[in-house]
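Given next are the chains, with one letter for each unit.
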Protein chains: 2
Amino acid sequence: MIGFEQIKKICRTSPSKIVLLVIDGLGGLPHPETGKTELESATSPNLNRIAKDSICGLIDPVSPGITPGSAPGHLAIFGYDPLQYHIGRGVLEALGIDVELKAGDIAARGNFCTVDDEGIITHRRAGRISTDKNAVLCRLLDDIGIEGVEISVLPVKEHRFVLILRGKGLSPELGDSDPQQIGLSPKKIEALSPQAERSAEIANEFVSRAASLLQGKTPANMVLLRGFSGRPHIPSVSEIYKLKPAAVATYPMYRGLARLVGMKVLPAGESITDQLNSLHRHYAKYDFFFIHFKSTDARGEDGDFQAKVQAIEELDKALPSLLGLEPDVLIVTGDHSTPATLAMHSWHPVPFMLKSKWCRPDNVTEFSERACLAGGMGRFPATEIMPLAMANALKLDKFDA
Amino acid sequence: MIGFEQIKKICRTSPSKIVLLVIDGLGGLPHPETGKTELESATSPNLNRIAKDSICGLIDPVSPGITPGSAPGHLAIFGYDPLQYHIGRGVLEALGIDVELKAGDIAARGNFCTVDDEGIITHRRAGRISTDKNAVLCRLLDDIGIEGVEISVLPVKEHRFVLILRGKGLSPELGDSDPQQIGLSPKKIEALSPQAERSAEIANEFVSRAASLLQGKTPANMVLLRGFSGRPHIPSVSEIYKLKPAAVATYPMYRGLARLVGMKVLPAGESITDQLNSLHRHYAKYDFFFIHFKSTDARGEDGDFQAKVQAIEELDKALPSLLGLEPDVLIVTGDHSTPATLAMHSWHPVPFMLKSKWCRPDNVTEFSERACLAGGMGRFPATEIMPLAMANALKLDKFDA
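Caption draft 1: Molecular detail of the pairing of strand β12 (residues 350–356) of chain B. Residues and elements named next belong to chain B. With 6 of 7 residues buried, β12 is to be regarded as a mostly interior element. Both strand β2 (residues 54–60) and β12 contribute to a ladder of 6 bridges, which runs antiparallel. Each bridged residue has a counterpart across the sheet, and for Ile-55 the counterpart in β12 is Leu-354. Where strand β11 (residues 329–333) and β12 come together, 4 bridges link them in antiparallel fashion. Following the sheet pairing, Val-332 is matched in β12 by Met-353.

Caption draft 2: Representation of the interface of chain B and chain A. Taken residue by residue, the interface counts 34 residues in chain B and 26 residues in chain A. A combined buried area of about 2300 Å² lies between chain B and chain A, and 63% of that area is made up of carbon and sulfur atoms. For chain B, the biggest contributors to the area lost against chain A are Ile-66, Leu-83 and Trp-347 of chain B; these three give 24% of the whole. The tally of links from chain B across to chain A stands at 9 residue pairs in polar contact (both at pLDDT 80 or more). Of the residues assigned to the side of chain B that touches chain A, the class counts are 18 nonpolar, 12 polar and 4 charged.

Caption draft 3: Layout of the packing of helix α4 (residues 70–77) of chain A against helix α9 (residues 252–260) of chain A. All names here are of chain A. Contact pair α4 / α9: the axes reach a minimum separation of 11 Å and the direction vectors enclose 40 degrees. Between α4 and α9, the crossing angle belongs to the class labelled oblique. Considering only the axes of α4 and α9, their crossing is right-handed. Only Met-253, Tyr-254 and Leu-257 of α9 make contact with α4, whose side of the interface consists of Ser-70, Ala-71 and His-74. Counted by class, the contact of α4 with α9 contains 4 nonpolar, 2 polar and no charged residues.

Caption draft 4: Summary view of the relation of the copies chain B and chain A. Overlaying chain B with chain A gives an RMSD of 0.1 Å, the required rotation being 122 degrees about an axis along which the chain moves by 0.1 Å. What the superposition gives is, in effect, a three-fold axis relating one chain to the other.

Caption draft 5: The arrangement of the sheet that holds strand β13 (residues 378–381) of chain A in detail. Residue and element names in this part refer to chain A. Across the sheet, which stays open at both edges, the 8 strands sit in the order β9-β8-β10-β1-β11-β12-β2-β13 with mixed pairing between neighbours. Here the strands that pair on one side only, and so sit at the sheet edges, are β9 (264–265) and β13. The pairing of strand β2 (residues 54–60) with β13 spans 4 bridges and is classified as parallel. From the neighbouring strand, Gly-57 faces β13, where its bridge partner is Gly-378. Set on the sheet, helix α14 (residues 385–392) makes contact with β1 (18–23), β2, β10 (288–293), β11 (329–333), β12 (350–356) and β13; between it and β12 the angle comes to about 15 degrees.

Caption draft 6: Examining a nonpolar patch on the surface more closely. Together, Leu-342, Met-344 and Trp-347 of chain A make up a nonpolar patch on the protein surface, roughly 250 Å² of accessible area in all. Along the chain, the position of Leu-342 of chain A falls in the loop between β11 and β12.

Caption draft 7: Structural view of the environment of His-280 of chain A. Residue and element names in this part refer to chain A. By the element assignment, His-280 lies in helix α10 (residues 272–282). Placed 41 residues apart in sequence, His-280 and Ser-321 show a C-alpha to C-alpha distance of 8.5 Å. In this structure His-280 touches Ser-321 and Leu-325, once residues within four positions along its chain are discounted.

Caption draft 8: Just the pattern of salt bridges, in detail. Counted by the stated rule, this structure contains 40 salt bridges over all chains. Between Arg-160 of chain B and Glu-93 of chain B there is a salt bridge, with its nearest N and O atoms 2.9 Å apart. Here Arg-160 of chain B, found in strand β6 (residues 160–166), pairs with Glu-93 of chain B, found in helix α5 (residues 89–95); they are 67 residues apart in sequence, far enough to count as distant. The class for Glu-93 of chain B is buried, based on a relative accessible area of 5%. In this structure, Asp-105 of chain B engages Arg-166 of chain B in a salt bridge whose closest nitrogen and oxygen atoms are separated by 2.6 Å. Here Asp-105 of chain B, found in the loop between α5 and β3 (106–115), pairs with Arg-166 of chain B, found in strand β6; they are 61 residues apart in sequence, far enough to count as distant. One salt-bridge network, in which partners are shared between bridges, spans Arg-89, Glu-93, Arg-109 and Arg-160 of chain A.

Rules used throughout
- Residues numbered from 1 in each chain as written.
- Chains lettered and ligands numbered in written order.
- Predicted model: local features only at pLDDT ≥ 70, side-chain atom pairs only at ≥ 80, totals over all residues.
- Heavy atoms only, no water.
- Buried < 20%, exposed > 50% of the residue type's maximum accessible area, 1.4 Å probe, protein only.
- Helix = DSSP H or I, 4+ residues; strand = E, 2+ residues; numbered from the N terminus.
- Pairing = 2+ DSSP bridges.
- Contact = heavy atoms within 4.5 Å.
- Buried area = accessible area lost by both parts, 1.4 Å probe.
- Polar contact = N/O pair within 3.5 Å; in protein donor to acceptor, adjacent residues only side chain to side chain.
- Nonpolar A, V, L, I, M, F, W, Y, C, P; charged D, E, K, R; others polar.
- Axes fitted to C-alpha atoms, helices over the stretch in contact; angles between N-to-C directions.
- Parallel < 35°, antiparallel > 145°, perpendicular 65-115°, else oblique.
- Left-handed = near helix turned anticlockwise from the far one by under 90°.
- Least-squares fit on C-alpha atoms with pLDDT ≥ 70 in both.
- Patch = residues over 30% accessible without salt bridge, like charges linked within 9 Å, V, L, I, M, F, W, Y side chains within 5 Å.
- Areas by Shrake-Rupley, 256 points an atom, 1.4 Å probe, with all protein chains shown as cover.
- Salt bridge = Lys/Arg side-chain N within 4 Å of Asp/Glu carboxyl O.

Pasting the structure below:
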């Protein structure tokens, strides 16, 4: 596939608009009673109407057989090979609570846990303490001062928190303190490279100070850290494609991912209608829009087949507002499958459609897993979406003469 | 995909014949009134008959979404990854006027242009002077003598010419003098690597001597140079596949490309009938034939849908002569799409079919974009054509035991 350095040379700006609608966890599996997937069960006349004018297919976000996490699923759709570009657990956790990381910051995912008198872990999640209690403890740890580094400890949900270290010369090449099982002591954090020695000292000092502050506060009397990571070096969407990109997402993690690849994060409100209203308000100012629809994935993970069908129908009802804008290129796809029957992300390829004046439509007249199989794009890697979007927007020059 | 070093080891010569018919700009888009593409609109019983006995599919010449120039489109079909093998603008221009480049030669694309009294470019194409006037000016510049280098200045069309420098130790790693916009002075040609210093001096000396000779010859009173390049290092078709290849093309650029990959260029005449007559005359002497049909692309670029349909029909009528030879492997495809509705090369994948005794035919009974979608090859990179041709010609040994 064409690389960033080569495609950069042939990208050009133009007034045409690209809208990328990501329906999280879109793909599904047949219901055992009806033999129909969630998409096949939903009444979705607008999606089907788009399919009729589109070139359809099925995407593999990471690689066939591989179940994508949310980050790799989105990276792939944005054009970044997720096998090459990696976002660490700590950074992802920070993105999930809308924390903006600066270059050089390092972030770790933290758990409050329970240790016994010998320091042996008896519960890795401290009995899932309440988020309120978590917030109180985080304020306590947030006051820890270590020379030369600014420390932030921010609550996530239940027992989870984020540790952020900011300072000169820090390195995220650190091992975990979390041994990921009970019956062991928390591990000493190791430097995985010589330049991470000082960062390891700081992290271990933080853990030891946290242990003192939490002493007696059973069940949350200790912390476990893992996934130390820094802001990844990712060339931005505007740098590669000369686009002016914006994102409309209701969940922090997706806003964070969008920000990470250089998109402007627009207000999103709470519903898909709010999101599309925001799209309308900002339509003139940008030429690429990423719209993230979350509830299909959430209902899929709940294992609630019917609720996922309803989420698709809710989205479908909102689509006329989007179609009214008549974007030059409209792409509808998902970041991965979340079949309600599995109640988790899955490896199944995801329905895809691209509508544009120049898309060479195929014979597909319905937006579903099975119908897309016969689509003009066939089955293809999600990383090919961006070049295809650019081509259909007539924003790509010819490659060589 | 298998690389040259690996496939080399399993190629063997045999008497079987491969014919590769490239219909330039073959792929199209539906006509807005009929919903049918050029191929779908054409009456082409011979192409359809071949499709019936073939394995069909759609090729991506460069990469999905990428619009190929003529050179990368052909390189891919000949088995060379166009993202890896690059032919410079200057070399391509030289090929286009049937100039044979030797290893070590460097070529640049030249424009006659107009500059004002301050040397500022006022017209990059000197008002598109006539080809005749161009030829007169080229003869003038062709006489420029610089020590240690042989200079050729050859007219192309209107304002375009080719500069060829031949001599020891030249390097094509040179910047352009053409700033690609008016209102600026021509740039000094820079050496892009230390070993190109002398070449840069020679090129700048040429420009300064040309400026003196052209003084007062408004509108063509200056030259602009770009795309300095040398003959690329490409292993030949015979070296890789042990083939004895020949080309029958009516346009110089395609003859040049064929020569570049080591094909013998045969007389072609002017029409497809002439070309196929030449094929008949030389059929015994070679085992691989590249036949290039140009007018489909030309009519597509004109934006003349009906004329492109007629070009396809003209080709179709000539095919019985080709089929009469009963080649062991017959491949029909294009180097890229040129939809008449877009009136330019495009990124859309190109119909492909391969007929041989051993091809495992699919259910496709018509040669068109939509029909080929359901073909046994699916959608695939054009670089896979050569191994497939070799296999069907039974010219490939088993890979490992």
